[in-house]
Amino acid sequence: MTVRVRYAPSPTGDPHVGNIRSALFNWLYARHTGGTFIVRIEDTDQARLVPGSVETILDALRWLGLDWDEGPGSQTPHGPYVQSERLDIYKEHAARLIIEGKAYECYCTPARLDAVRKARQQARQPTGYDRRCRELEGARQAREENPSAKPVVRFKMPEEGNITVNDFVRGEVTFDAALLDDFVLLKSDGYPTYHLANVVDDHLMEITHVMRAEEWLPSAPRHRLLYEAFGYEMPRLIHLPLILGPDRSKLSKRHGAASVLEFREMGYLPDALVNFLALLGWSLDESSEVFSKDDLVKHFTPERILANPAVFNIEKLDWFNGLYIRDMDDAVLADALVPWLEDPEHGLPANALPVNREYLASIVPLERERLKRLSEAPEMLSFFFEERLHYDPALLVPKGLDADGARDALEAALATADGTDDWSVAELEASYRALAERLEVKTGQLFGAVRVAVTGRTAAPPLFDTLAVLGKERCVARLRTALTAL
Ligand code: GLU
């Protein structure tokens, strides 16, 4: 059997982490087995559509490198892959069930359905449709009350008994049929509901495994009966565990969970996010954590999907991101930083642009350890590029020295810089250590004052590497400015 799996998002906004995790797991399974990964757009709930979200969803997949074999726009035989382009197929299917006595038209008005629900709630009965139109007489009455209404089509569910579905992760799960009403298959606007479209398409697109979030498990008993009614074989169900926040509550923005493209804007790397998402509900063993995409493809099997809820921990994502940043080649990282540094809104000041690539390449090795997100680069690297540093002159006075002492030290440091021709890390370190001795100040005091003078900050990469990269001219000028400031 060739595996055919699908990611079936509804275009109701930007794809969130839980949603894209489903995409990733399906993609991994397809790639692991040499199967087919399909993207199907489930846009049947017209009221919830958000314009532009199909493009956003596809953009997110592209950014993460989750390529699809069939999807919107593909000229493959199982298309079209957008449900609103398949309305006739669903209508035919609904009509077939009506003819076979497995579904029926319902003319009840929303007002009546509401009243039924309220009455049932008060009587402490399961809410849901009371099946009036399932009987001829009821349907006749409803039609009389509502002659101009367009009917919906409802599926005839058993009124009692158990419905069992087999889930790959959870085993047999049993549902009480009495709690499930005659759900709608086709709405009065001619659009199918999720249940009908999902089942029909999974069959027609020859989906072998349905891998989706656990939130969809309650739909499974309805789907099972629909497959039976059509005489279709049901794909294997694989429900992925819930994703919770670290406090074990429902995952939300508060936990740092954002839409996938927001993670891009925050400066995360796609491979770091993929690694992080893969571990939300899957593990290879007790300890392995770092997986490249290729590793994941190699190891991913549904057998290792976990049943317990996964915990979304944004700090873990930061950790992964730092790890992947440290793993990038200098040139690749430098290229990746350019758009962040040149961003008109959050990047470097205009007079530092365009970024000198060669200079940037020399900075990257100094800063990579400290970078957790690419978005931190403008702030972290700005002192390398700014023409004038803005800082508090008080920072120039190291602990244990007064302003005069600091001035003497910086004057001597300026003279040393001026007199140093071999502007190398080793030479700079040797001269400044000798200078501290000569001035009879602690190295920490001298180095601290110089660091603030040339970087404008107290925390920066190792001093002599920084001086070497900044270059003699900049350092001399900055030491002079610092002296003036003092
Ligand atoms: N359209 C559903 C969603 O947005 C798909 C659920 C499923 O995979 O069956 O998640």
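What counts, and at which threshold
- Residues numbered from 1 in each chain as written.
- Predicted model: local features only at pLDDT ≥ 70, side-chain atom pairs only at ≥ 80, totals over all residues.
- Heavy atoms only, no water.
- Helix = DSSP H or I, 4+ residues; strand = E, 2+ residues; numbered from the N terminus.
- Rg over C-alpha atoms; globule rule 2.2 N^0.38 Å.
- Buried < 20%, exposed > 50% of the residue type's maximum accessible area, 1.4 Å probe, protein only.
- Contact = heavy atoms within 4.5 Å.
- Areas by Shrake-Rupley, 256 points an atom, 1.4 Å probe, with all protein chains shown as cover.
- Near = heavy atom within 4 Å.
- Polar contact = N/O pair within 3.5 Å; in protein donor to acceptor, adjacent residues only side chain to side chain.
- Nonpolar A, V, L, I, M, F, W, Y, C, P; charged D, E, K, R; others polar.
- Pairing = 2+ DSSP bridges.
- Salt bridge = Lys/Arg side-chain N within 4 Å of Asp/Glu carboxyl O.
- Phe/Tyr/Trp six-rings, centres within 6.5 Å; stacked < 30°, edge-to-face > 60°.
- Lys NZ or Arg CZ within 6 Å of the ring centre and 35° of its normal.
- Lys, Arg positive; Asp, Glu negative; His and termini not counted.
- Axes fitted to C-alpha atoms, helices over the stretch in contact; angles between N-to-C directions.
- Left-handed = near helix turned anticlockwise from the far one by under 90°.

A. Fine view of the overall build of the protein. Regarding its fold elements, the protein presents 19 helices and 11 strands. Taken against the 2.2 N^0.38 rule, which gives 23 Å for 486 residues, the C-alpha radius of gyration of the protein at 32 Å runs more than 25% over that of a compact globule. Along the first, second and third principal axes, the C-alpha set of the protein runs to 105 × 45 × 40 Å. Each of the 486 residues in the protein was classed as buried or not, and the buried ones make up 50%. When contacts within the protein are restricted to residue pairs at least 6 apart in sequence, those whose partners lie at least 24 apart make up 74%. Roughly 23000 Å² of accessible area belongs to the protein as shown, and the carbon and sulfur atoms make up 50% of that amount.

B. Representation of unusual backbone geometry in the model. The step from Gly79 to Pro80 runs through a cis peptide bond, and the omega angle for that step is -5 degrees. Assignment of secondary structure puts Pro80 in the loop between helix H2 (53-64) and helix H3 (87-99). Following Leu353, the chain continues into Pro354 via a peptide bond in cis, with omega recorded as -5 degrees. Relative to the elements of secondary structure, Pro354 occurs in the loop between helix H12 (330-341) and helix H13 (357-367). Unusually for a residue other than glycine, Glu206 sits at a positive phi of about 55 degrees.

C. Broad picture of the site of the ligand. Within the structure, the ligand sits among Arg6, Ala8, Ser10, Glu42, Tyr194, Asn198, Arg212 and Trp216. A distance of 3.1 Å is found between an oxygen atom of the ligand and a side-chain nitrogen or oxygen belonging to Asn198. Residue Arg212 places a side-chain N or O atom 2.9 Å away from an oxygen atom belonging to the ligand. Considered class by class, the residues forming the shell around the ligand number three nonpolar, two polar and three charged.

D. Spotlight on the pairing of strand E6 (residues 171-176). Looking at chain direction, strand E5 (residues 162-167) and E6 are connected through six bridges and run antiparallel. Opposite Asn166, over in E6, you have Glu172 as the bridge partner. Taking the residues between adjacent antiparallel strands as the criterion, E5 and E6 are bridged by three residues.

E. Quick look at the pattern of salt bridges. Overall, the coordinates contain 36 salt bridges when judged by the stated rule. Residue Asp247 is joined to Arg254 by a salt bridge in which the shortest nitrogen-to-oxygen separation is 3.3 Å. One network of salt bridges, with partners in common, ties together Arg6, Arg40, Glu42, Arg86, Asp201 and Asp202.

F. Spotlight on the packing of aromatic side chains. Enumeration according to the criterion identifies 14 aromatic pairs in this entry. Geometrically, the ring pair formed by Phe276 and Phe312 is edge-to-face, given 5.3 Å between the ring centres and 80 degrees between the ring planes. One end of the pair, Phe276, is in helix H9 (residues 270-278); the other, Phe312, is in the loop between strand E11 (310-311) and helix H11 (314-326), with 36 residues separating them in the sequence. Per residue, the accessibility class of Phe276 equals that of Phe312, and both read buried. Put simply, the rings of Phe25, Trp282, Phe291 and Phe300 pair up and form one aromatic cluster. Here Arg21 stacks its cationic end above the ring of Phe25, 5.7 Å away from the centre of that ring.

G. Focus on the side chain of Arg222. One can find Arg222 in helix H7 (residues 220-230). As a buried residue without a salt bridge, Arg222 has its nearest oppositely charged side chain in Asp181, at a separation of 4.6 Å. Beyond its immediate sequence surroundings of up to four residues, Arg222 is in contact with Met157, Leu180, Phe183 and His195.

H. Geometry of helix H6 (residues 194-204). Counting buried residues in H6 gives nine out of 11 residues, a clear majority hidden from the surface. On its buried side, H6 packs onto strand E1 (4-7), H3, strand E7 (184-186), strand E8 (209-213) and H7. Phi for Glu206, located one or two positions after H6, is positive at around 55 degrees.

I. Here's a closer look at the packing of helix H17 (residues 443-455) against helix H18 (residues 463-470). Close contact between H17 and H18 brings their axes to 11 Å; oriented N to C, the two are set at 35 degrees. In the crossing of H17 with H18, the sense of the turn from one axis to the other is left-handed. In contact with Phe447, Val450, Arg451, Val454 and Thr455 of H17, H18 contributes Leu463, Phe464, Thr466, Leu467 and Leu470. Looking at the contact of H17 with H18, its residues break down into seven nonpolar, two polar and one charged.

J. Structural detail: the side chain of Thr416. Take Thr416: it is sitting in helix H15 (residues 403-419). We classify Thr416 as buried; its relative accessible area is 14%. Not counting residues within four places of it along the chain, the set of residues in contact with Thr416 comprises Ser431, Tyr432 and Leu435.

K. Region of interest: the environment of Glu214. By the element assignment, Glu214 lies in the loop between E8 and H7. Taking the C-alpha atoms as reference points, Glu214 and Glu105, separated by 109 residues in sequence, lie 31 Å from one another. Those residues within four positions of Glu214 in sequence are excluded, and the remaining contacts are Arg170, His239, Leu240, Pro241, Leu242 and Ala307. Among the polar contacts listed, one links the side chain of Glu214 to the side chain of Arg170, at a separation of 3.2 Å.

L. Structural view of the environment of Ala406. Counting through the fold element by element, Ala406 comes out in helix H15. Linking Ala406 and Glu437, residues 31 residues apart in sequence, is a C-alpha distance of 15 Å. Apart from residues lying up to four places away in sequence, Ala406 is in contact with Leu396, Val397, Pro398, Leu401 and Leu486.

By themselves, these figures tell us nothing about what the structure is for.
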